[in-house]
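Coordinates in review
Residues per chain, in single letters:
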Number of protein chains: 2
Amino acid sequence: MPAPRGHAPSMRDVAQRAGVSHQTVSRVVNDSPNIRSDTRERVLQAIEDLGYRPNGLARALAHGRSRRIGLLMESSSHYGPMNMLRGVELAARRAGYAATTFGVTSPDEFDEGIDFLRDQRVDALAIIAPRAQSLESLARVTLPQACVLVGSMPPDADGFGPIPSLPRVGVDQALGARLAVQHLIASGHRMIAHLAGPADWFDAQVRRNEWFRTLEAAGLETPPTVEGDWRPQSGYDATDALLAIPGVTAVFAANDQMALGLIHGLSDRGLAIPGDLSVVGFDDIPESAHFRPPLTTVHQDFQAVGEAAVDLLLQRLGEASHGSPQQIVPELVVRTSTAPA
Amino acid sequence: MPAPRGHAPSMRDVAQRAGVSHQTVSRVVNDSPNIRSDTRERVLQAIEDLGYRPNGLARALAHGRSRRIGLLMESSSHYGPMNMLRGVELAARRAGYAATTFGVTSPDEFDEGIDFLRDQRVDALAIIAPRAQSLESLARVTLPQACVLVGSMPPDADGFGPIPSLPRVGVDQALGARLAVQHLIASGHRMIAHLAGPADWFDAQVRRNEWFRTLEAAGLETPPTVEGDWRPQSGYDATDALLAIPGVTAVFAANDQMALGLIHGLSDRGLAIPGDLSVVGFDDIPESAHFRPPLTTVHQDFQAVGEAAVDLLLQRLGEASHGSPQQIVPELVVRTSTAPA
DNA sequence: ACGGTCAATGTGACCGTTAACATTGAGCCG
DNA sequence: CGGCTCAATGTTAACGGTCACATTGACCGT
């Protein structure tokens, strides 16, 4: 590897050294046909000698495609968003795209993020906007044609949402919630409480709604919900409010972390799980299997979500697509935090 | 907002509409001095009318700086790496840089990742390579001058490592481990076992080494370690091996997840924590405070690590720096999984 | 009144590619 | 053996900015 003197070598440098025109170098690099093999050889040698690497910026500028996707995300350390981020990035890379991430901490910054990524001329845009407020700010902006909403599934089955035109991929939250609640019903529970996530999060809305509907459909009572903020502490803090519900024997927590906090709170009060109360979570974080007791929960495959998102974007970009589904199917994982009533 | 017809408007389009030269538009955009205010006004109006946005690619090509940093990471879903990723991305953004992430799943792909990011002409490179194997493949490659290793702190205090020349930032793992072990010693424990992370991870090496040294320095016995893979299950599986150590009354687990699995395993065997055995973890994941019992552990501020990494890169790039430390100080969080022997 | 200074703007080249078209020369056929 | 085809290569112009330098006037002091 030669020491880089001054600038990195350009196509012209290679051309000069190989005694050809820069266009021929370009042809070799993009292995187009109709190059005499000895010419190709000579060019390749020059490339190696100089340690030449094509400039992606220039290539993108001329060609009009940057082979990068923008990843706009409401940056939180929550398990779901983080793993979707990872899923999308990984899937993008597998498709030959790099992901340029723009994390925002407040919904106001979404506009800025879109502008930035658009200025960067990303080919496509994946948006992780788990809260309603985030989407509202998106509604005001012109979005690129290749754009997908990752994980923000609409709160109602009829597809209602602030930006109806935007395609979405994600885990079927309603199905997940239904699986959880039906499992409790099937275990004989008659009074099933819900420890909800923050009301402005789509996932929290869907899980709550479906909990409600499933209970109604089964002719069961629907006690008032208690709202947490996804964090364990909020589950802990919700303990008394949940125990205040007369006859409660089971709780469907909107995520595993709050379920953990709740379990902590219950055991602090000398209650046994699942003896006194059954608890179901949502997410299946890696720790859940080793909670005390191991948590019954709903597993979401975020890797698959990323795959689906990228697949959809590639399709929009006119590239081959695997035909991934847009709704990923969650699975109930039954452990020992639930038992017959 | 005008409907974009064909291409996005360029500087020349704006210039034409405002009746000035493209250079004047450039001046307005970069608000350089010596522009008559009515000219500026006219240009700004044209920009607004056309919905013009400067092309970041072209700008980067001409200017030689892309205002992006590359983020090369051995992609795992582990808590540490994930949060460093987030920390770096956030800090970069705050400094006006976007992060282009390239996640690899195997160390072999590091070369590819470096090439890719270099081709993309990122201004700087942050590398999250938590395993020794990853760094080996880095040693073979020419790295850009603005490059930092995030979180791969050297296994020995003397700075030994495969790539000595590369600057590093991260949490002081040795200090963290010392805090954990000294806490146990101070609580009167005499036989303190270690549930180690995978031997090829730097953090695992440092934590293990420091556990060893601290025990030696205190004149205590150093029982054989048990090695896990960071995941809760491996902690669970290690239970019997740890209990086989004669006289053991405390375990220092190399991360919280394994500590959780261990606690699970212990309670399955009817042992009380901390009554029969004290357990300390490492990381302070959000769940730790609500484990049963709440876990004594070592807190790492990954946000600060990201900040420090970006700070160092900016310095290398000749921009202002905050003078962040390169070693972030961890903190012991004492909860109730530890008690006097 | 006249050269000098300086603010305000324009001109052309350049960054490193790709795309479109032009050019060369060898092989082939009638 | 002239014209045609086609493979192999070169030439020139984009792409959309920035930079270095040239060009205008207006204002100034003497």
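Residues numbered from 1 in each chain as written. Chains lettered and ligands numbered in written order. Predicted model: local features only at pLDDT ≥ 70, side-chain atom pairs only at ≥ 80, totals over all residues. Heavy atoms only, no water.

A look at the interface of chain A and chain B
Opposite the 56 residues of chain A that make contact, chain B presents 56 residues. Carbon and sulfur atoms supply 56% of the area buried between chain A and chain B, which totals about 5100 Å² over both sides. Counting every contact that joins chain A to chain B gives eight salt bridges. Across the pair Arg53(B) and Asp115(A) runs a salt bridge whose closest N-O atoms are separated by 3.8 Å. Counting across the chain A and chain B interface gives 24 residue pairs in polar contact (both at pLDDT 80 or more). Elements with a minimum of two residues in the side of chain A that touches chain B: helix 4 (56-63), helix 5 (79-94), strand 2 (98-104), helix 6 (109-119), helix 10 (232-237) and helix 12 (256-268) of chain A. Here the residues of the side of chain A that touches chain B sort into 24 nonpolar, 19 polar and 13 charged. Bridge count for strand 2 of chain A against strand 2 (residues 98-104) of chain B is three bridges, and the pairing is antiparallel. (Contact = heavy atoms within 4.5 Å. Buried area = accessible area lost by both parts, 1.4 Å probe. Salt bridge = Lys/Arg side-chain N within 4 Å of Asp/Glu carboxyl O. Polar contact = N/O pair within 3.5 Å; in protein donor to acceptor, adjacent residues only side chain to side chain. Helix = DSSP H or I, 4+ residues; strand = E, 2+ residues; numbered from the N terminus. Nonpolar A, V, L, I, M, F, W, Y, C, P; charged D, E, K, R; others polar. Pairing = 2+ DSSP bridges.)

Quick word on the sheet that holds strand 6 (residues 192-196) of chain A
Residues and elements named next belong to chain A. With parallel pairing, the four strands of this open sheet are ordered in space as 7-6-8-9. Every other strand in the sheet has two partners, leaving strand 7 (226-227) and strand 9 (278-280) as the edge strands with one partner each. When strand 8 (residues 250-253) meets strand 9, the two strands line up parallel, connected through three bridges. Pairing of valine 251 across the sheet is with valine 279, part of strand 9. Packing against the sheet, helix 8 (residues 173-186) makes contact with strand 6, strand 8 and strand 9, and its axis sits at approximately 170° to strand 8. Sitting on the sheet, helix 9 (residues 202-217) touches strand 6 and strand 8, and the angle it makes with strand 6 is about 170°. (Axes fitted to C-alpha atoms, helices over the stretch in contact; angles between N-to-C directions.)

Here we look at the protein's contact with DNA strand C
Lining the immediate surroundings of DNA strand C are 27 residues, of which Arg12(A), Ser26(A), Thr24(B), Asn34(B) and Thr39(B) lie closest. Separating a phosphate oxygen of DNA strand C from a side-chain N or O atom of Asn30(A) is a distance of 3.2 Å. Arg27(B) is positioned with one of its side-chain polar atoms (N or O) 2.8 Å from a base oxygen of DNA strand C. At the level of elements, helix 1 (11-18), helix 2 (22-29) and helix 4 of chain A together with helix 2 (22-29) and helix 4 (56-63) of chain B are the ones that each hand at least two residues to the surface near DNA strand C. (Near = heavy atom within 4 Å.)

Things to note about the sheet that holds strand 8 (residues 250-253) of chain B
Residue and element names in this part refer to chain B. In space, the four strands of this open sheet follow the order 7-6-8-9, with parallel pairing throughout. Strands at the two margins of the open sheet, each flanked by one partner only, are strand 7 (226-227) and strand 9 (278-280). Across two bridges, the pairing between strand 6 (residues 192-196) and strand 7 is parallel. For leucine 195, the partnering residue across the bridge sits in strand 7 and is valine 226. Along the sheet, helix 12 (residues 256-268) contacts strand 6, strand 8 and strand 9; its crossing angle with strand 9, the most-contacted strand, is approximately 160°.

So, the pairing of strand 1 (residues 68-74) of chain A
All names here are of chain A. Taken across its seven residues, strand 1 has seven buried, putting it largely inside the fold. With burial as the criterion, each face of strand 1 is covered, one bearing Arg68, Gly70, Leu72 and Glu74 and the other bearing Ile69, Leu71 and Met73. Pairing of strand 1 with strand 2 involves seven bridges; the strand directions are parallel. Opposite leucine 72, over in strand 2, you have phenylalanine 102 as the bridge partner. (Buried < 20%, exposed > 50% of the residue type's maximum accessible area, 1.4 Å probe, protein only.)

Some remarks on the packing of helix 5 (residues 79-94) of chain B against helix 13 (residues 302-316) of chain B
Residue and element names in this part refer to chain B. Interhelical geometry of helix 5 versus helix 13 gives an angle of 50° and a closest axis separation of 7 Å. Classified by the angle between their axes, helix 5 and helix 13 sit oblique to one another. Crossing of helix 5 over helix 13 shows right-handed handedness. Residue-level contacts link Tyr79, Gly80, Asn83, Met84, Arg86, Gly87, Val88, Leu90, Ala91, Ala92 and Arg94 of helix 5 to Phe302, Gln303, Gly306, Glu307, Ala309 and Val310 of helix 13. Counted by class, the contact of helix 5 with helix 13 contains nine nonpolar, five polar and three charged residues. (Parallel < 35°, antiparallel > 145°, perpendicular 65-115°, else oblique. Left-handed = near helix turned anticlockwise from the far one by under 90°.)

Concerning the protein's contact with DNA strand D
Neighbouring residues of DNA strand D: 28 residues in total, closest Thr24(A), Asn34(A), Thr39(A), Gln23(B) and Ser26(B). Among the atoms of DNA strand D lying within 4 Å of the protein, the sugar-phosphate backbone contributes 52%. The side chain of Asn34(A) places a nitrogen or oxygen atom 3.3 Å from a phosphate oxygen of DNA strand D. Counting only elements with at least two residues in the surface near DNA strand D, the list comes to helix 2 and helix 4 of chain A together with helix 1 (11-18), helix 2 and helix 4 of chain B. At five residues, the largest contribution of residues to the surface near DNA strand D is made by helix 4 of chain B. Residue composition of the surface near DNA strand D, grouped by class: 10 nonpolar, 13 polar and five charged.

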